[in-house]
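Structural overview for review
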Amino acid sequence: MEHIDKIIKVNVEEQMKSAYIDYAMSVIVSRALPDVRDGFKPVHRRILYGMNELGNTPDKPYKKCARIVGDVMGKYHPHGDSSIYMALVRLAQDFSVRYQLVDPHGNFGSVDGDSPAAMRYTEARLHSLAMQMLADINKDTVDFQNNYDDSSKEPSVLPTRFPNLLVNGGQGIAVGMATNMAPHNLTESINGALAYIEKRGDITIKELMEHIKAPDFPTGGVIYGYDGVVEAYETGRGRIVIRGKAEIETEAQHEQIVINELPYLVNKAELVRHISELAAQKKIDGISDIADETSNKNGTRIVISIKRDANANVILNQLYKYTPLQSSFSINSIALVNGRPKLLTLKDIIGEFVKHRHEVVIRRTRFDLKRAEDRLHILEGRIIATDNIDEVVAIIKASSRQTEAMERLMARFGLSQIQARNIVEMRLGQLTGMELEKLHEEYEEIKKQIEWFNKILTDDDTCYGVISDELIEVREKFGDNRRSIIDYSSGTNFNPEDFYADEEMVITLSHLGYIKRTPLAAFRQQGRGGVGAKGSETRDEDFVEYIYSASMHATMLFFTEKGKCFWLPVYEIPEGSRQAKGRAVQNLLNIDPDDKISACIRVKHLTTDVDFVRSHYITFVTKNGTVRKTSLEAFSRPRANGIIAIKLVEDDKVVSVLLSNGDCQFLLASRNGKAVRFHEEHVRPSLGRNSIGVRGIRLDDDGEDHVVGAICVKHPESESILVVSENGFGKRSVIEDYRQTNRGTKGVLTLKVTPKTGKLVSMKNVTDDNDLMIINKSGIVIRISVDSISMLSRNTQGVKLINLQSNGDEIASVTVVEAEREEEYEEADSEEQIETEE
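Keep in mind the model is a prediction, meaning the values are calculated, not measured. (Residues numbered from 1 in each chain as written. Predicted model: local features only at pLDDT ≥ 70, side-chain atom pairs only at ≥ 80, totals over all residues. Heavy atoms only, no water.)

Moving on, we get to the environment of Phe 453. By secondary structure assignment, the location of Phe 453 is in helix H17 (residues 433-458). Its relative accessible area of 13% is what places Phe 453 among the buried residues. Sequence-distant contacts of Phe 453, that is, excluding residues within four places in its chain, are made with Thr 365, Asp 368, Leu 369 and Ala 372. (Helix = DSSP H or I, 4+ residues; strand = E, 2+ residues; numbered from the N terminus. Buried < 20%, exposed > 50% of the residue type's maximum accessible area, 1.4 Å probe, protein only. Contact = heavy atoms within 4.5 Å.)

Written out as structure tokens, the structure reads:
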């Protein structure tokens, strides 16, 4: 009966429910979800704290990972060595976390999915950035709790100096919920926190996104579309599409796709294997070979060779569709807030971090204040003793024991017991004149510290100023540039122009088809005859062939030698420095492999300004001297695959394309230095795009003469004609020097061609308000003021514009840009708007 009485009858359903809820909460709080304040799960927090307690800091030698794991497991995390080691490994992998917190030494795995070496072989120590997470941990900045067996203490959270949850993200699967946080750029994250602090939390998510633009993945890649980013920041959940960074290159007349960056968490070896299988199964036709040329020196490099008759751009799109080269990252921003799981917006994450930092700074200041006050108390006693040193010494000598001396000092000078004990224990060496001077200096210094600490505790502005200063310090020391590129225009309802300032850019296109845009300001003005600056890093057999200027919001119409037209907004052209090679134009436009761009024009409002489009014309000028004029309206509806813009005869190609308003004058120039001038009314507009056109200039019969350029003169009274030869000579002439004739004649001499000058390569119409940019085939660029170029007659050689640095080098391209000038703006002119005509 006694045994039966000890049995407690319970409802099985209630018992199971209660037990499962306890289990679920334990997993959620103590294992799977990160804390919003430091962005860590308990295992990561324990690893960093355990390594710090072990003295495994950046200034000390590496320690075996087995020792680190054993120490963490024995003191704080009794859940098995493998789980601790894999968490340690992830903190050290530069392809898993955006910023390493553990400095690895040895084999810690690879992006190919290789496992790390056993913990007995590998070594590690804390990374310098990890010390910013542990800073001031011994100053009562965070609460400590008992470890699993109550034998020691561990921190419940780390006093991190940067928003680690945002910076390194994290993944975790709990019971009934999961988290998937994307990593972000440290500089952007700190800038967002600073903006939040500056406005004391009165800031919108849209305003925060001016600083924190999008996730920044450790493996780089391209964030394809922006809708998912906005949704994730505003709601806590969103889907981001990531593409690997790939370029189409030409090697020995064969095209190849080169993959330099992978989407986040994509296994490189599996990707290569998958592409090989699709090629073998003919699901992707046109791949002849695939090679993984990745190295520590050059980084990720997967080379996919394309068959001669295949279109590399089509194959690249198929790779995006059928392989993990395009992947998605589903953001689910769930983290622990006050011990409870919560779905967080971008503002919530920043706000909780700032709140945590405020608490840490206040607690640290109170700790430092208490320590400073204790030290000041000691110093006050010492100063009293040194001011009455003879009497103090006499009292101590007359006392029979130390306690008696303390009591007599306390009674005589009103000292506390702590002060009296400190005086009794003073060394005689501390009574020298120098030591006494240091004593007073330290006293004054600590008084200032106490005043500063009290100001932090009583003035919120000062406290937030301290937080901001520490954030800036971390940013300056550890911040870097973004790795992931953002493609705003793809898959988004936003107007891409909203993300780009309408700045002037210089667009360069190389002979092998590499294109880029560079801010015009990057090219400083030089004097005539200078040697120029390095303008583009090209391959040995490549050189910059065309150079144009355009604003970011303009649309570029690219025309190929075969007479096709393609459209591309300037902001979609990849930006690069003056020295950058650029990106293969086949990645941007669906150009045939045996075709290339030969001319382009810019239009500011191609699809929106109907009046402009209907009143302007596009005139084609071909190598053989043919001209054809068509209404711009025929080219105002962009198509992804381009259109046939002009019908060409055999062996002819498009050399120049002009944009006119119906009342302009055309000048066509030939390689032998001749030019013809005629009014555009002599060229009747063609109704369709497939006509051939009429003769514009008659060329010499030497077999080498051809059209090198054409210009459209809109303002003859202010413009002059500038010509440049292949050896760097140039000059300006007034337009009236060129008599106006009918089209189809040989024209007049525009440059005296000699072996010294070389053949004519370019003709431009310029004003004194222009700068001239000249680039040669070796990539050297010079920017000179047009008004520094002499005004000479037509029948002259001109003056030296650029000194070529090597034999065989020639002028490759010439373009006209707005002159550099210093402008002063006054408030009275703030409402004046200046419009430029394209």
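That shown, we press on.
So, about the packing of aromatic side chains. In this structure the tally under the stated criterion is 10 aromatic pairs. Relative to Phe 678, the ring of Phe 666 has its centre 6.0 Å away and its plane inclined at 90°; by these criteria the two rings are edge-to-face. Taken together, the residues Phe 666 in strand E30 (residues 665-670) and Phe 678 in strand E31 (residues 674-679) connect sequence positions 12 residues apart. Every member of this aromatic cluster is reached through a ring pair, and the members are Tyr 49, Tyr 76 and Phe 144. (Phe/Tyr/Trp six-rings, centres within 6.5 Å; stacked < 30°, edge-to-face > 60°.)

Take the UniProt feature "active site" (unreviewed entry) in the protein chain next. If you check UniProt for "active site" (unreviewed entry), the listed places come out as Tyr 121 in our numbering. If you trace the backbone, Tyr 121 turns up in the loop between strand E2 (102-105) and strand E3 (123-126). Its relative accessible area of 54% is what places Tyr 121 among the exposed residues. (UniProt positions renumbered as here; feature names shortened; annotations may be inferred.)

Spatially, the 3 strands line up as an open sheet ordered E1-E3-E2, and their pairing is antiparallel. Taken across any chain shown, the strands that pair with only one partner, and hence form the sheet edges, are strand E1 (63-64) and E2. Two strands pair when backbone bridges link them, and E2 and E3 are joined in this way by 4 bridges, in the antiparallel orientation. If you follow His 105 over to E3, its bridge partner there is Glu 123. Helix-sheet contacts for helix H3 (residues 42-53) involve E2 and E3, and the interaxial angle to E3 is about 90°. (Pairing = 2+ DSSP bridges. Axes fitted to C-alpha atoms, helices over the stretch in contact; angles between N-to-C directions.)

This part is about the pairing of strand E7 (residues 178-181). Where strand E6 (residues 170-173) and E7 come together, 4 bridges link them in antiparallel fashion. Across the sheet, Gly 172 pairs through a bridge with Thr 179, a residue of E7. Between the antiparallel neighbours E6 and E7 lie 4 residues, among them Gly 176 with a positive phi of about 85°.

Once that is clear, we can look at the environment of Gly 703. Within the secondary structure, Gly 703 sits in the loop between strand E33 (694-695) and strand E34 (707-713). A residue is classified by how much of its surface remains accessible, and Gly 703, at 73% relative accessible area, is exposed. For the pair Gly 703 and Met 133, spaced 570 residues apart in sequence, the C-alpha to C-alpha distance is 74 Å.

Now for the packing of helix H14 (residues 389-398) against helix H15 (residues 402-413). The packing of two helices is summarised by the inter-axis angle and the distance between the axes. Here H14 crosses H15 at 145°, and the two axes come no closer than 9 Å. The handedness of the crossing between H14 and H15 is right-handed. For the pair H14 and H15, contact is made by Glu 391, Val 392, Ile 395, Ile 396 and Ala 398 and by Ala 405, Arg 408, Leu 409, Arg 412 and Phe 413, respectively. (Left-handed = near helix turned anticlockwise from the far one by under 90°.)

Turning our attention to the sheet that holds strand E23 (residues 564-569). Pairing is antiparallel in the open sheet, where 4 strands are placed in the order E25-E22-E23-E28. Either end of the sheet is taken by a strand with one partner, and the two such strands are strand E25 (597-603) and strand E28 (643-644). The sheet contact formed by E23 and E28 spans 2 bridges and is antiparallel. The residue bridging Lys 564 from the neighbouring strand is Ile 644, located in E28.

Before going further, it helps to examine the nonpolar core. Judged by nonpolar contacts, the single largest core of 86 residues is most densely connected at Ile 47 and Leu 48. Non-local contacts of Leu 48, meaning those with residues more than four positions away in its chain, are made with Phe 40, Leu 91, Leu 126, Ala 130, Met 133, Leu 134 and Leu 158. Leu 278, Ile 290, Ile 304 and Ala 312 belong to the second largest nonpolar core, which has 26 residues in total. (Core = buried A, V, L, I, M, F, W, Y, C linked by side-chain atoms within 4.5 Å.)

Scanning the model with the defined rule gives 37 salt bridges in all. The salt bridge partner of Arg 46 is Glu 154, with a shortest N-O separation of 2.8 Å. Of this pair, Arg 46 sits in helix H3 while Glu 154 sits in strand E5 (residues 153-155); the two residues are 108 residues apart in sequence, bridging distant segments of the chain. Of the two residues, Arg 46 and Glu 154, both sit in the buried class. Across the salt bridge formed by Asp 374 and Lys 370, the nearest N and O atoms sit 2.9 Å from each other. On the criterion of helical spacing, the pair formed by Asp 374 and Lys 370 is a turn pair, its members being 4 residues apart in helix H13 (residues 346-387). Residue classification places Asp 374 among the partly exposed residues on the basis of a relative accessible area of 38%. (Salt bridge = Lys/Arg side-chain N within 4 Å of Asp/Glu carboxyl O.)

Contact geometry of H3 with helix H4 (residues 65-75) gives a least axis separation of 9 Å together with a crossing angle of 110°. Judged by the angle between their axes, H3 and H4 are roughly perpendicular. With respect to the hand of their crossing, H3 and H4 are arranged in right-handed fashion. For the pair formed by H3 and H4, the contact residues are Arg 46, Ile 47, Gly 50 and Met 51 on the first element and Ile 68, Asp 71 and Val 72 on the second. A class-by-class count of the residues in the contact of H3 with H4 yields 4 nonpolar, 1 polar and 2 charged. (Parallel < 35°, antiparallel > 145°, perpendicular 65-115°, else oblique. Nonpolar A, V, L, I, M, F, W, Y, C, P; charged D, E, K, R; others polar.)

Within the secondary structure layout, Arg 125 lies in strand E3. Reaching out from Arg 125, the side chain makes a polar contact with the backbone oxygen of Pro 58 at a distance of 3.5 Å. When sequence neighbours within four positions are dropped, the list of residues in contact with Arg 125 reads Met 51, Asn 56, Thr 57, Pro 58, Lys 60, Pro 61, Tyr 62, Val 102 and Asp 103. (Polar contact = N/O pair within 3.5 Å; in protein donor to acceptor, adjacent residues only side chain to side chain.)

Turning to the confidence of the model for the protein chain, a few remarks are in order. Overall, the prediction assigns the protein chain a mean pLDDT of 85, with 90% of residues at 70 or greater. Taken as a whole, residues 822-838 scores under 50 in pLDDT and shows 7 contacts with residues more than four places along the chain or in a different chain. (pLDDT = per-residue confidence, 0-100.)

Let us now look at the side chain of Glu 188. Structurally, the position occupied by Glu 188 is in helix H8 (residues 186-198). Residue classification places Glu 188 among the buried positions, given a relative accessible area of 9%. A distance of 3.4 Å separates a polar side-chain atom of Glu 188 from the backbone nitrogen of Lys 213. Filtering out sequence-adjacent residues up to four positions away, Glu 188 remains in contact with His 211, Ile 212, Lys 213, Ala 214 and Arg 482.

All right, on to unusual backbone geometry then. In this structure, Asp 136 is a non-glycine residue whose phi angle is positive, near 70°. Turning to its location among the elements, Asp 136 is positioned in the loop between helix H6 (128-134) and strand E4 (144-146). According to the relative accessible area criterion, Asp 136 is buried, its value standing at 17%. For Leu 265, which is not glycine, the phi torsion reads 70° and is therefore positive. Of note, Leu 265 is situated in the loop between strand E11 (254-261) and helix H11 (268-280).

Further remarks concern H8. Taking 1.5 Å of rise per residue, 13 residues should cover 18 Å, and H8 covers 18 Å from first to last C-alpha, within 8% of that figure. Within H8, 10 of the 13 residues are buried, leaving the element largely enclosed by the surrounding structure. Looking at H8, one finds that the buried residues are Leu 186, Glu 188, Ser 189, Ile 190, Gly 192, Ala 193, Leu 194, Ala 195, Tyr 196 and Ile 197. Buried residues in H8 make contact with helix H7 (164-168), helix H9 (205-208), H13 and helix H18 (460-478). (Expected span 1.5 Å × (residues − 1).)

A large share of strand E13 (residues 302-306) lies buried, amounting to 5 of its 5 residues. Burial of the side chains of E13 extends over both faces: Ile 302, Ile 304 and Ile 306 are buried on one face and Val 303 and Ser 305 on the other. Across 4 bridges, the pairing between E11 and E13 is antiparallel. When the bridges of E13 are listed, Ile 257 appears paired with Ile 304. Two elements, strand E12 (residues 287-292) and E13, share 5 bridges in a ladder whose sense is antiparallel. Bridge pairing links Asp 292 to Ile 302 in E13.

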